[in-house]
Amino acid sequence: MKKVISILLALCMVLSLCAFALADEETKTVGISMPTKSLERWNRDGEYLQEQFEEAGYEVELTYSDNDITQQNNDVANLIADGVDLLIISAINGESLTQTLTDAEDAGIPVIAYDRLIMNTDVVSYYVSFDNYTVGVLQGQFVIDTLGLDLEDTSKTYNIEFTAGDPADNNAGYFFNGAMDTLKPYIDAGILNVPSGKTEFEQVATPSWSTDTALENMQNTLASYYSDGTVLDVALCSNDSTALGVAQAISSDYAGDNQPLVTGQDGDIANLQNIVDGKQTMTVYKNVSDEAIVTLELSKIMLAGGAPAEELLDSLDVEAAYDTESYDNGTGIIPSYLLVPFVITADNLDLLVDTGLYEWDADNQYLVSTAETT
Ligand code: BGC
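Residues numbered from 1 in each chain as written. Predicted model: local features only at pLDDT ≥ 70, side-chain atom pairs only at ≥ 80, totals over all residues. Heavy atoms only, no water.

A. Fine view of the site of the ligand. Around the ligand sit 13 residues, and of these Asp115, Arg116, Asp169, Asn239 and Asp266 come closest. Trp42 has a polar side-chain atom sitting 2.9 Å from an oxygen atom of the ligand. Within the side chain of Asp115, an N or O atom sits 2.6 Å from an oxygen atom of the ligand. Isolated, the ligand exposes 310 Å² of accessible area, and the fraction of that covered by the protein chains is 100%. Its atoms largely coinciding with the cavity grid, the ligand occupies the largest cavity. The set of elements that each furnish at least two residues to the shell around the ligand consists of α2 (40–55) and α6 (170–188). In terms of residue class, the shell around the ligand is built from 4 nonpolar, 3 polar and 6 charged. (Near = heavy atom within 4 Å. Polar contact = N/O pair within 3.5 Å; in protein donor to acceptor, adjacent residues only side chain to side chain. Areas by Shrake-Rupley, 256 points an atom, 1.4 Å probe, with all protein chains shown as cover. 1 Å grid on protein atoms, 1.4 Å probe; cavity = no way out; pocket = protein on both sides within 12 Å on 5 of 7 lines; lining within 4 Å. Sits in = over half its atoms within 2 Å of the grid points. Helix = DSSP H or I, 4+ residues; strand = E, 2+ residues; numbered from the N terminus. Nonpolar A, V, L, I, M, F, W, Y, C, P; charged D, E, K, R; others polar.)

Written out as structure tokens, the structure reads:
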């Protein structure tokens, strides 16, 4: 009898240890640090990430830091103190988390840089983003194609102004350079002119990607260089939050009667509305739901102790490339999963409906997010 009892006891112990191990498996927590709720896309990123990780059985701690560097450092420090198993961070300022992340390193918490690369720290294991340089190339090429520019034909010239992103965001330079490298031959040939003379990133950068700052900067440019009737043909904006301000400045302060081409990036709802209304011409769309899917699959393997490479993408229905050349964060190359962006105009808005993330409103006029109606 004694023997039976001790066997039963031993069995119970094994079972409870298994249950404990399973519970531990199930309750892995992922800490997600997003920059701000004030720029539309990060709300979508946070929502998709949270949804997908929770569906996969993880717990999620999600923070937004109001575009405030000190707050993001505090938020990340709190996530580390809470003992999360993995950090997914989209940095407000790529340079400002180095110190805080030494604590993640000490605690053995791996870090994924989400969308924006975190600089000068070797605690970042992977980078998940879109091909940021290509975003700018698509904007530049759109201008070339829409205006029908030809380097052999200098008879017709156009005026263009640039609006770039936040200098603290490592992505911003890639977007600007992609567009500028594509358009520079036409600027050099005198086919594209920049009446303000502002062709350097620093001259056209927009801190915090602020719509209001972009609006003010464009109003100043229009007042200084276009009030004499000079025609503005193109406003090359790196993203939708800046395009929103620029489009507003054009509506209120531009004296010409043409509608300049306005570029953007993201597919924010207000910008999609502007595209329908003809105030913005295109946006470079980045499916952040897919970005969340890649991040989830990568996280699963990392949390199980693995270090995936290209093969991660084999099982996913997401167009992306594994890149071990492009993104050096100052401590070496960070292996990157780069998703593929594409151009949206008034003519192919249905491609967004095909993603399942947008639908036409009741009047079939504007796109709305399906998240709002479900
Ligand atoms: C993102 C863009 C976004 C911008 C402002 C960048 O880091 O890649 O998609 O428009 O931040 O939120």
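B. Representation of the nonpolar core within the structure. If you look at the biggest cluster of nonpolar residues, it comprises 71 residues, and the most contacted ones within it are Phe162 and Leu272. Examining the composition of this core, we find that 8 residues originate from one element, α6, more than from any other. If near-sequence neighbours (up to four positions away) are discounted, Phe162 is found in contact with Phe176, Met180, Leu183, Ile187, Val194, Lys198, Val204 and Leu236. Core analysis: the next-biggest nonpolar cluster, separate from the first, contains 22 residues, Ile80, Ile109, Ala113 and Tyr327 among them. (Core = buried A, V, L, I, M, F, W, Y, C linked by side-chain atoms within 4.5 Å. Buried < 20%, exposed > 50% of the residue type's maximum accessible area, 1.4 Å probe, protein only. Contact = heavy atoms within 4.5 Å.)

C. Main features of the side chain of Ser90. Tracing the sequence through the fold places Ser90 in the loop between β3 (86–89) and α4 (98–106). Residue Ser90 is classed as buried on the basis of its relative accessible area of 0%. At a separation of 3.1 Å, a polar atom in the side chain of Ser90 contacts the main-chain carbonyl oxygen of Tyr114. Excluding residues that lie within four positions of it along the chain, Ser90 makes contacts with Ser33, Met34, Pro35, Trp42, Gln72, Tyr114, Asp115 and Arg116.

D. Examining a negative patch on the surface more closely. A contiguous patch of negative charge on the surface is contributed by Glu47, Glu51, Glu54, Glu55 and Glu59. Tracing the sequence through the fold places Glu55 in helix α2. (Patch = residues over 30% accessible without salt bridge, like charges linked within 9 Å, V, L, I, M, F, W, Y side chains within 5 Å. Salt bridge = Lys/Arg side-chain N within 4 Å of Asp/Glu carboxyl O. Lys, Arg positive; Asp, Glu negative; His and termini not counted. Charge placed at Lys NZ, Arg CZ, Asp CG, Glu CD.)

E. Inspection of the packing of aromatic side chains at higher detail. Summed over the entire model, instances satisfying the criterion amount to 10 aromatic pairs. Seen from their ring centres, Tyr285 and Tyr358 are 5.9 Å apart, and the 70° between their planes marks the pair as edge-to-face. With a gap of 73 residues between them, Tyr285 in strand β10 (residues 282–285) and Tyr358 in strand β14 (residues 358–360) connect regions that are remote in the sequence. By the burial criterion, Tyr285 is buried, and Tyr358 matches it. Counting every residue linked through ring pairs, the aromatic cluster contains Tyr126, Tyr322 and Tyr337. Of note, Lys37 hangs over the ring of Tyr64, and the distance from its end group to the ring centre comes to 4.6 Å. The cationic tip of Arg41 hangs over the ring face of Trp42; the distance from NZ or CZ to the ring centre is 4.1 Å. (Phe/Tyr/Trp six-rings, centres within 6.5 Å; stacked < 30°, edge-to-face > 60°. Lys NZ or Arg CZ within 6 Å of the ring centre and 35° of its normal.)

F. Inspection of the packing of helix α9 (residues 240–253) against helix α10 (residues 269–277) at higher detail. The interhelical angle for the contact between α9 and α10, taken along N-to-C directions, is 45°, at an axis separation of 9 Å. By the criterion of interaxial angle, the relationship of α9 to α10 is oblique. The two elements α9 and α10 cross, and the hand of that crossing is left-handed. Within the contact between the two elements, α9 uses Asp240, Ala243, Leu244 and Ala247 and α10 uses Ala270, Asn271 and Asn274. Its residues assigned to classes, the contact of α9 with α10 comprises 4 nonpolar, 2 polar and 1 charged. (Axes fitted to C-alpha atoms, helices over the stretch in contact; angles between N-to-C directions. Parallel < 35°, antiparallel > 145°, perpendicular 65-115°, else oblique. Left-handed = near helix turned anticlockwise from the far one by under 90°.)

G. A look at the layout of surface pockets. Looking at the largest pocket, its volume works out to about 200 Å³. Every residue lining the largest pocket is listed: Phe130, Asn287, Asp290, Val318, Glu319, Leu339, Val340, Phe342, Leu351, Asp354 and Thr355. A per-class count over the lining of the largest pocket returns 6 nonpolar, 2 polar and 3 charged. (Points joined across faces, edges and corners; volume = space filled by probe spheres on them.)

H. Quick look at empty space enclosed by the protein. For the structure shown, the criterion picks out 1 cavity of 30 Å³ or more. Here the largest cavity is characterised by a volume of approximately 130 Å³. Every element with two or more residues in the lining of the largest cavity is listed here: α2 and α6. Looking at the lining of the largest cavity, the element that brings in the most residues is α2, giving 3 residues. Among the residues making up the lining of the largest cavity, the classes are represented as 4 nonpolar, 4 polar and 8 charged. Counting contributing residues per domain, the lining of the largest cavity is built from domain 1 (27–130 + 287–340) and domain 2 (133–265), each supplying no fewer than three. (Domains from an automatic or database assignment.)

I. Representation of the sheet that holds strand β4 (residues 111–114) in the model. Spatially, β2-β1-β3-β4-β5-β12-β11 is the arrangement adopted by the 7 strands of the open sheet, whose pairing is mixed. Two strands close off the open sheet at either side, each with one partner strand: β2 (59–64) and β11 (320–323). Taking each pair of neighbouring strands and ignoring which way they run, the sheet shows an average axis angle of 20°. Two strands pair when backbone bridges link them, and strand β1 (residues 29–34) and β3 are joined in this way by 4 bridges, in the parallel orientation. Across the sheet, the residue bridging to Ile32 is Ile88, located in β3. Where helix α3 (residues 69–81) meets the sheet, its contacts fall on β1, β2 and β3, and the angle it forms with β1 comes to roughly 180°. (Pairing = 2+ DSSP bridges.)

J. Representation of the side chain of Asp75. With respect to the helices and strands, the residue Asp75 is situated in helix α3. Although Asp75 is buried, it forms no salt bridge, and the closest oppositely charged side chain is Lys37 at an N-O distance of 12 Å. At a separation of 2.7 Å, a polar atom in the side chain of Asp75 contacts the side chain of Ser65. Not counting residues up to four positions away in its chain, the partners in contact with Asp75 are Thr63, Tyr64 and Ser65.

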